[in-house]
Amino acid sequence: MEEIFEAILRGARRVYGAINQGELGYCDTNNCSGEQQLRLDLISDQIWLEELQTLPSVQMVASEEREEPVETGRGEYLVAYDPLDGSSLVDVDLSVGSIFGIYRESFQGANLVGSAYVVYGPRIEVVTALQGEVKRSIVRHDGGLIPLDPPRLKERGKLNAPGGTQKGWYPHHRELIDSLFSEGYRLRYSGGMVPDLHQILVKGGGLFSYPGTEDKPNGKLRKLFEVFPFAFIYEEAGGEAIDDRGRRLLDLPCQGIHETTPCFFGSSYEIGRVREFYNVPRAE
Ligand code: P6P
């Protein structure tokens, strides 16, 4: 597993270099979720494939930007990644990220054994998680690491990151979001999943939600590349991560590698509020 995290550190600096190449524009292709691809999406994807495919511990990689997984060898791990999440925010110089889920045997939430994400912002930060351990570091431009305190979610926080097109929110979801604001929560939503979830994690708590909506009942965020890796990190940091039926996200089955799910990540108080407004009490 260590060699995978080392590859992520190497790739992070290469992707950051690509981000700073200038305006690269759009391709005339779409990804499997029907989103038009930026040249930066494909460049980042290629960087991650190059960094991961030669690792002896990896047998297969799957990318949000590729239809099918790529067999790379006979190693123990399968790596699913979102090469540059929120890439459409680069042209307005907002923070973006890369997300990694490390699986054993198959691409299923229950088989996730490690996660990591990179935030490309005023600095490059990397957060990695194994069972029982979350680490956070600044990546220096010379490749050195500056360790930071591990993030830990308190019982409840102050931040509310409500995703999804509000026009399509179900009434009970709107009531949930409004109830948090009426309790004084502050809006923190950039449209970039990685910085938005990183902010709540580092500031100690709150709620990030990307619900099912009338136009997208299964939500937008992808299980393998985005949802499962962050669910693992939030749980290891003392929080919770559930879907709109109150199920633990990491328990959800995954039939297709591009499947999406409604998702809620947060401190236990806020997840309790989700259960209340969605009428999905915690299983006894
Ligand atoms: P919306 C970026 O495209 C992304 O996949 C996530 O990073 C982000 O949380 C979400 O979409 C934003 O979606 O519908 O709020 O613009």
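Each remark here, short or long, concerns the structure printed above.
Scoring rules and cut-offs
- Residues numbered from 1 in each chain as written.
- Predicted model: local features only at pLDDT ≥ 70, side-chain atom pairs only at ≥ 80, totals over all residues.
- Heavy atoms only, no water.
- Axes fitted to C-alpha atoms, helices over the stretch in contact; angles between N-to-C directions.
- Helix = DSSP H or I, 4+ residues; strand = E, 2+ residues; numbered from the N terminus.
- Parallel < 35°, antiparallel > 145°, perpendicular 65-115°, else oblique.
- Left-handed = near helix turned anticlockwise from the far one by under 90°.
- Contact = heavy atoms within 4.5 Å.
- Patch = residues over 30% accessible without salt bridge, like charges linked within 9 Å, V, L, I, M, F, W, Y side chains within 5 Å.
- Areas by Shrake-Rupley, 256 points an atom, 1.4 Å probe, with all protein chains shown as cover.
- Salt bridge = Lys/Arg side-chain N within 4 Å of Asp/Glu carboxyl O.
- Buried < 20%, exposed > 50% of the residue type's maximum accessible area, 1.4 Å probe, protein only.
- Pairing = 2+ DSSP bridges.
- Right-handed = clockwise from strand over helix to strand, strands pointing away.

It is worth spelling out the packing of helix 1 (residues 2–19) against helix 2 (residues 39–53) at this point. Closest axis-to-axis distance for the helix 1/helix 2 pair is 9 Å, and the angle between their directions is 155°. Between helix 1 and helix 2, the angle falls in the class roughly antiparallel. Two packed elements cross with a definite hand, and for helix 1 against helix 2 that hand is right-handed. Only Leu40, Ile43, Ser44, Ile47, Trp48, Glu50, Glu51 and Leu52 of helix 2 make contact with helix 1, whose side of the interface consists of Ile4, Ala7, Ile8, Arg10, Gly11, Ala12, Arg14, Val15, Ala18 and Ile19.

What follows concerns a nonpolar patch on the surface. There is a patch of nonpolar side chains on the surface, built from Phe181, Leu187 and Tyr189 and spanning about 270 Å² of accessible area. Within the secondary structure, Phe181 sits in helix 3 (residues 171–182). Phe181 gets classed as partly exposed once you look at its relative accessible area, which sits at 31%.

Turning to the environment of Val15, a few remarks are in order. In this fold, Val15 is placed in helix 1. Val15 sits 122 residues away from Ser137 along the chain, and the two C-alpha atoms are 17 Å apart. Setting aside anything within four residues of it in sequence, one finds Val15 in contact with Ser44, Ile47, Trp48, Leu84 and Tyr120.

With that settled, consider the pairing of strand 11 (residues 159–162). The two faces of strand 11 match: Leu159 and Ala161 on one face and Asn160 and Pro162 on the other face are all buried. Bridge count between strand 11 and strand 12 (residues 186–187): 2 bridges; the pairing is parallel. Opposite Asn160, over in strand 12, you have Leu187 as the bridge partner. For the segment spanning strand 11, helix 3 and strand 12, crossover handedness is right-handed. Bridging between strand 11 and strand 13 (residues 206–210) involves 4 bridges; their strand directions are parallel. Note that in strand 13 the partner of Pro162 across the bridge is Ser209.

What follows is about the pattern of salt bridges. According to the stated counting rule, one finds 18 salt bridges in the structure shown. The shortest N-O distance in the salt bridge between Glu125 and Arg136 comes to 2.7 Å. Taken as a pair, Glu125 in strand 8 (residues 124–130) and Arg136 in strand 9 (residues 133–139) lie far apart in primary sequence, 11 residues in all. Taking the relative accessible area as the measure of exposure, Arg136 reaches 14% and is therefore buried. Ionic pairing is found between Asp251 and Arg248, a salt bridge with its closest N-O pair at 2.7 Å. When its relative accessible area of 37% is taken as the criterion, Arg248 is described as partly exposed. Through salt bridges with shared partners, a single network forms among Arg10, Arg14, Glu50 and Glu51.

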